[in-house]
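Residues per chain are reported as follows:
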Amino acid sequence: MALIVQKFGGTSVGNAERIKLVAKRVIADKKKNNRVVVVVSAMGDTTDDLINLAEQITKNPSEREMDMLLSTGEQVSIALLAMAIHNQGVEAISFTGPQVGIITDNIHRKAKIISINADRIHKELEKNKIVIVAGFQGIDENQDITTLGRGGSDTTAVALAAALKADLCEIYTDVDGIYTADPRIIPNAKKFSYITYDETLELASLGAQVLHSRSVEIAKKYNIPLRVRSTFSKDKGTMLLSEEKYGKENKNMEKILVSGVACDKNEAKVSIIDIPDRPGIAAQIFGELADGNIVVDMIIQSAGEDGKNDISFTVMKGDLDKTLEIMENTAKKMKAKKVIYDKNIAKVSAVGIGMRSHSGVAARMFRILGNAGINIQMISTSEIKISCVVSQKDADKALQVIHKEFNLGK
Ligand code: ADP
Ligand code: ASP
Ligand code: MG
């Protein structure tokens, strides 16, 4: 008897009809002699709507109260799904994250799961029930509700799969797998049958929202067989594999330089201008940001002149106000000239394990962007990815020309 964890995203449970459809799918798999644990997101745009509602009350809501608010979305969908399953004569029980012991740290709105006590879930599975768990939420050591960051239900599902030692974790969504690019932006993007954890991790971290990046990290760490597929079709979707297994499925692995492209429009660029150039400056800037729990992504420092320097970096747009507040303070202390920012940027990236063994990929990407008249503001590279920050108005075009240059289309 296999144990499967299935996660259904917001669109998949977007209305009553769809919840009934999900109930049918889950029951069908249960009847194939599986034990089934289901994780669900909030219905449709519920989370966005709740955020909008809070913004109508205050510009600066308490993060604890935001988590209290946002976690309600998932509580609606677990109860409705349980009712839909009951209605078809099958036993099911729903739980919030705290009820099944999903313990997190206390960083509200981007909490990390520390541990899961799976006893209650095992007990209910023993009673032959389908167990439904609210995605995206947990509880910290003070018994306060936390959420895992936007898109975090994927992470709930994979973390549960790890804790329960599940045989398979399936992420059901509104596309039938992982593509070479977001199919909504690049219509001729190609679907992968298989992809490595590492490439998916890069794509997800670089803006491909099809999976929450933490979910891929956990899947890789615990070697969880993970599949992304559509709620609305029978297609088998995309299977994530270790590089070793992938190599067995795909003899051409070395030949493929770039596997996919991604775009992230959720970052903003902050620059501190004319900082006195002395040792310890970078440590001070990034130390103070870290103390504020702000994650910094790309960083560049200009070549100093007249004992002065500029440092630019990117942060999530949601952290921009807090970042500016901290940096205004830091700039004053360091006697820097000013702090400026730009919200209209996008990070476009090319990802591929083939880059490990080939040079020249970066040059090709820069050339193709230059030929398209697109200015590159920042660059960062790793073994298997190249990212460029460009103006947001150029982002879709940048993605298109890179996708075409590396022959990723159908
Ligand atoms: P869910 O609500 O089910 O979690 P999301 O909206 O979070 O769904 O993720 C699915 C969406 O991810 C797709 O509709 C698609 O537009 C987007 N996406 C971005 N990049 C990719 C990619 N490389 N492959 C597939 N989908 C992608
Ligand atoms: N409902 C949450 C969000 O919209 C979590 C999720 O859907 O994964 O971000
Ligand atoms: Mg999602």
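So, here's what we can say about the structure. Keep in mind the model is a prediction, meaning the values are calculated, not measured.

Criteria and thresholds
In every chain, residue numbers begin from 1 and rise along the written sequence. Naming scheme: in the order in which they are written, chains are lettered from A and ligands are numbered from 1. Predicted model: local features are reported for residues with pLDDT of at least 70 only, side-chain atom pairs are reported and counted for 80 or more only, and whole-chain, interface and lining totals are derived from all residues. Side-chain metrics in this entry use all non-hydrogen atoms of the structure; hydrogen atoms and water are not considered. To sort residues, take the accessible area from a 1.4 Å probe on protein chains only and compare it with the maximum for the residue type: under 20% means buried, over 50% means exposed, and anything in between is partly exposed. In this text, helices come from DSSP runs of H or I with a minimum length of four residues, and strands from runs of E with a minimum of two, each type numbered from the N-terminal end. The directions from the helix axis to the C-beta atoms are what the arc is built from. By the convention used here, residues are in contact when the closest approach between their heavy atoms is within 4.5 Å. Nearness of a residue to a molecule or strand requires only that one of the residue's heavy atoms be within 4 Å of it. Polar contact is defined as a pair of N or O atoms within 3.5 Å, subject to the rule that within protein one atom must be able to donate a hydrogen and the other to accept it, and that residues adjacent in sequence are counted only when both atoms are side-chain atoms. In these tables, accessible area is a Shrake-Rupley quantity obtained with a 1.4 Å probe, and a residue counts as shielded only by the protein chains included in the view. Gly is placed with the polar residues, together with every amino acid not listed as nonpolar (Ala, Val, Leu, Ile, Met, Phe, Trp, Tyr, Cys and Pro) or charged (Asp, Glu, Lys and Arg). The working definition used for a salt bridge is a side-chain nitrogen of Lys or Arg within 4 Å of a carboxyl oxygen of Asp or Glu. Here a strand pair is declared whenever DSSP counts at least two bridges between the two strands. Axis definition: a line fitted to C-alpha atoms, limited for helices to the stretch in contact. Angles are taken between N-to-C directions and run from 0 to 180 degrees. Angular relationships are summarised with four words: roughly parallel below 35 degrees, roughly antiparallel beyond 145, roughly perpendicular across 65 to 115, and oblique for the angles in between. Crossings are assigned a handedness: left-handed for a near helix turned anticlockwise from the far helix by less than a right angle, right-handed for a clockwise turn.

**Here's the deal with helix H11 (residues 361-371)**
No. 1: Every buried residue of H11 is listed here: Val361, Met365, Ile368 and Leu369. Each buried residue of H11 sits inside an arc of 100° when the element is viewed along its axis, so together they form one side. When the buried face of H11 is taken as reference, the exposed residues oriented beyond 90 degrees from it are Arg367 and Asn371.
No. 2: Where H11 is buried, its residues contact strand S18 (345-351), strand S20 (385-391) and helix H12 (395-405).

**Notes on the site of ligand 1**
No. 1: Surrounding ligand 1, one finds 16 residues, the nearest of these being Thr173, Asp174, Tyr179, Asp182 and Arg184.
No. 2: Contact distances for ligand 1 include 3.0 Å between an oxygen atom and a side-chain N or O atom of Lys7.
No. 3: A distance of 2.6 Å separates an oxygen atom of ligand 1 from a polar atom in the side chain of Thr173.
No. 4: Relative to its unbound accessible area of 570 Å², ligand 1 is 90% covered by the protein chains.
No. 5: Among the residues forming the shell around ligand 1, the class breakdown is seven nonpolar, five polar and four charged.

**Some thoughts on the pattern of salt bridges**
No. 1: For the structure shown, the criterion picks out 23 salt bridges.
No. 2: In this structure, Asp154 and Lys7 form a salt bridge, with 2.7 Å as the shortest nitrogen-oxygen distance. In this pair, Asp154 is assigned in helix H5 (residues 153-163) and Lys7 in strand S1 (residues 3-8), connecting sequence segments 147 residues apart. No difference in accessibility class separates Asp154 from Lys7, as the two residues are buried.
No. 3: Of the charged contacts, one joins Glu17 and Lys20 as a salt bridge, the two residues approaching to 3.6 Å between their closest N and O atoms. In this pair, Glu17 and Lys20 are both assigned in helix H1 (residues 16-31), three residues apart and thus about one turn of the helix distant.
No. 4: The exposure class assigned to Lys20 is partly exposed, which follows from its relative accessible area of 43%.
No. 5: Through salt bridges with shared partners, a single network forms among Arg120, Glu124, Lys127 and Lys129.

**Brief notes about the sheet that holds S18**
No. 1: Taken in spatial order, the four strands line up as S13-S18-S20-S19 in an open sheet, and their pairing is antiparallel. Across the chains shown, the open sheet's two edge strands, defined by having one partner strand only, are strand S13 (260-264) and strand S19 (378-382). Averaged over all adjacent pairs, the angle separating strand axes in this sheet is 15°, with direction ignored.
No. 2: Two strands pair when backbone bridges link them, and S13 and S18 are joined in this way by five bridges, in the antiparallel orientation. Bridge pairing links Asp264 to Lys347 in S18.
No. 3: Docked against the sheet, helix H6 (residues 197-205) engages S13, S18, S19 and S20, running at close to 25° with respect to S13.

**Focus: the pairing of S19**
No. 1: Summarising the sheet, S19 and S20 pair through five bridges and their orientation is antiparallel. In the strand pairing of S20, Ser380 is matched with Ser387.
No. 2: Between S19 and S20, which pair antiparallel in sequence order, lie two residues.

**Concerning the site of ligand 2**
No. 1: In the vicinity of ligand 2, the residues found are Ser41, Ala42, Thr47, Glu74, Phe136, Arg150, Gly151, Gly152 and Ser153.
No. 2: Ser41 places a side-chain nitrogen or oxygen 3.1 Å from an oxygen atom of ligand 2.
No. 3: Here ligand 2 loses 87% of its free accessible area of 260 Å² to cover by the protein chains.
No. 4: Along the lines of polarity and charge, the residues of the shell around ligand 2 split into two nonpolar, five polar and two charged.

**With respect to the environment of Ile171**
No. 1: Secondary-structure assignment places Ile171 in strand S9 (residues 168-173).
No. 2: Of the residues examined, Ile171 reaches a relative accessible area of 0% and is grouped as buried.

**Here we look at the packing of H1 against helix H3 (residues 63-87)**
No. 1: Taken N-terminus to C-terminus, the directions of H1 and H3 make an angle of 60°; their axes are 9 Å apart at the nearest point. Relative to H3, the element H1 lies oblique. Handedness of the crossing formed by H1 with H3: right-handed. Within the contact between the two elements, H1 uses Ile19, Lys20, Val22, Ala23, Val26 and Ile27 and H3 uses Leu80, Leu81, Ala84 and Ile85.
No. 2: In terms of residue class, the contact of H1 with H3 is made up of nine nonpolar, no polar and one charged.

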